[in-house]
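Letter by letter, the chains look like this.
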Amino acid sequence: ASHSAIVKSPTQIVIDLAYVAEADTSAWTFTVNSPFKDSIEAAQEIDVLKVAKTLVTVQEYMATGIVLNPVDATKIETLKGSDEHYIDVQRLENGVLTIGGLPVVETTAMPAGKFIVGDWILAAALAQFSELTLEFSESTQEKLKNMVEAIVQEEVLFPIYNPYMFVTGNFTTAKAAIAV
């Protein structure tokens, strides 16, 4: 039968159905109904990022940044509308790219074709695990070359406190999901 389901989080769904201890759930199927599914004409990467920003907001968080591969960032930065004007993308005086008002971190650590949008202020933090140490090494080889080696070490952590404050994905899949 058809029953409504309420999505509580990315891993929790509540189904409006009376509980039966021996219910056969093997044939259950789900259809995802999103206000963005099949709703955007000729969807582009910038549309995907704006939808992701909205999905973070719908979860009652506030998107504060985007992470992209530099190749994807350049593709989005050069997108033009039908009137040949650039679309809602700015490169600020300090060189930071913004999309829809959100700063973009461009890094090759993010594979091309993928993205992440999230509430970076509340969901994660950069923390120092161990103190910064500085050592000097003067081995015989260095003394012969009239050199001294400086060894600087520090361990940092980047814990993610709430993974549900992020929307991640693949541009190809996301564009197909929202395109008309």
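Now for a description of the structure that goes with this document.

Basis of the calculations
Sequence order sets the numbering: in each chain, residues are counted from 1 along the sequence as written. Confidence filtering applies because this is a predicted model: local features only for residues at pLDDT of at least 70, side-chain atom pairs given and counted only at 80 or more, and all residues used for totals across whole chains, interfaces and linings. Excluded from the side-chain calculations are hydrogens and water; all other atoms, namely the structure's heavy atoms, are used. Each helix is a run of H or I in the DSSP string that is no shorter than four residues. Each strand is a run of E no shorter than two, and both are numbered from the N terminus. Put simply, two rings from Phe, Tyr or Trp (the six-membered ring, in Trp's case) pair if the centres are within 6.5 Å, and we call them stacked under 30 degrees between planes, edge-to-face over 60, tilted for the rest. Here's how the labels work: a residue is buried when its accessible area is under 20% of the maximum for its type, exposed when over 50%, partly exposed in between, all with a 1.4 Å probe on protein chains only. Any two strands with at least two DSSP-identified bridges between them are counted as paired.

All right, on to unusual backbone geometry then. Non-glycine residue Asp38 carries a positive phi angle of around 50 degrees. Looking at the element boundaries, Asp38 is found in the loop between β2 (12–15) and α1 (45–58).

Turning our eyes to something else, we now look at the packing of aromatic side chains. According to the stated counting rule, one finds 3 aromatic pairs in the structure shown. For the pair Phe115 and Phe171, a centre-to-centre distance of 5.0 Å together with 35 degrees between the ring planes defines the contact as tilted. Of the two residues, Phe115 sits in strand β7 (residues 114–118) while Phe171 sits in helix α5 (residues 171–178), which places them 56 residues apart along the sequence. Like Phe171, Phe115 is buried.

Here the focus is the environment of Leu79. Inspection of the secondary structure puts Leu79 in the loop between α2 (70–77) and β4 (89–91). Judged by relative accessible area, Leu79 falls into the buried class, the value being 16%. With 89 residues separating them along the chain, Leu79 and Thr168 place their C-alpha atoms 21 Å apart.

Here strand β3 (residues 65–68) shows two buried faces, one formed by Gly65 and Val67 and the other by Ile66 and Leu68. One ladder, built from 4 bridges, connects β3 with β7; its direction is antiparallel. When the sheet's bridge partners are listed, Leu68 is paired in β7 with Phe115. Judged from the 3 bridges that link them, β3 and strand β6 (residues 102–106) form a sheet pairing that is parallel. Opposite Val67, over in β6, you have Val105 as the bridge partner.

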